[in-house]
Amino acid sequence: MSRNQSATLPIAWITLRILIILNWIYGACVLAILTYSFIDEPFLLRALKLGSVSENPALVIGIRAIAALGLLAVPLNLAVLKRLMAMVQTVRAGDPFVASNAYRLQAIAWFLLAQQLLSVLIGIIGKSISTPAHPLHLDAGFSPGGWLAVILTFVLARVFAEGALMREDLEGTV
């Protein structure tokens, strides 16, 4: 199977398109939670099994802050996914080691860094509003794998930049 006929590229393209749609759905759900927190606080807290405002006054403010930060993740995710799609296009065209992909990877690394910082902030807020009577379990906070992905993406961006420079040098000598 040649490079251009690889089955992974169409699968990657479709997967990225699906992830973009899921990202928008996620954003709509988080926006609904944030909006509903202003409309009917008691119902929201009961639905999340977090007790009442009188038991933990900071709870509603914390949930709103978490939801607002969750909304910030939507454009960050979209930026990463769009850049990955552009990179898949260059691979489809048979030209992945170009400077634009190095820039895309560097931008992705910065977006991943921002996502990690958001996750840590959300984790801190979650821990601060959680109580023994009504614990708030979030999949947020420090993630060694997430931070490793940030470092790896910065390194890959540099590898792509060097690869693009080497390719340009080679083309200039031929």
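Since we're looking at a predicted model, the values are computed, not measured.

Next up on the list: the environment of P75. Mapped onto the fold, P75 is located in helix α3 (residues 58–92). Judged by its relative accessible area of 47%, P75 falls in the partly exposed class. Measuring from C-alpha to C-alpha, the distance between P75 and V150 comes to 17 Å, with 75 residues separating the pair along the chain.

Next up on the list: the confidence of the model for the protein chain. Counting all residues, the mean pLDDT for the protein chain is 87, and 94% of those residues have values of 70 or more. Looking at the elements of the protein chain, mean pLDDT is at its lowest for helix α2 (residues 41–47), recorded as 78, and at its highest for helix α4 (residues 99–129), recorded as 94.

Attention now moves to the pattern of salt bridges. Pairing of side chains with opposite charge becomes possible as their charged atoms draw close. Scanning all chains against the criterion turns up two salt bridges. Across the salt bridge formed by E41 and R64, the nearest N and O atoms sit 2.8 Å from each other. Taken together, the residues E41 in helix α2 and R64 in helix α3 connect sequence positions 23 residues apart. By relative accessible area, R64 is classed as buried at 17%.

About the criteria used
Residues numbered from 1 in each chain as written. Predicted model: local features only at pLDDT ≥ 70, side-chain atom pairs only at ≥ 80, totals over all residues. Heavy atoms only, no water. Helix = DSSP H or I, 4+ residues; strand = E, 2+ residues; numbered from the N terminus. Buried < 20%, exposed > 50% of the residue type's maximum accessible area, 1.4 Å probe, protein only. pLDDT = per-residue confidence, 0-100. Salt bridge = Lys/Arg side-chain N within 4 Å of Asp/Glu carboxyl O.

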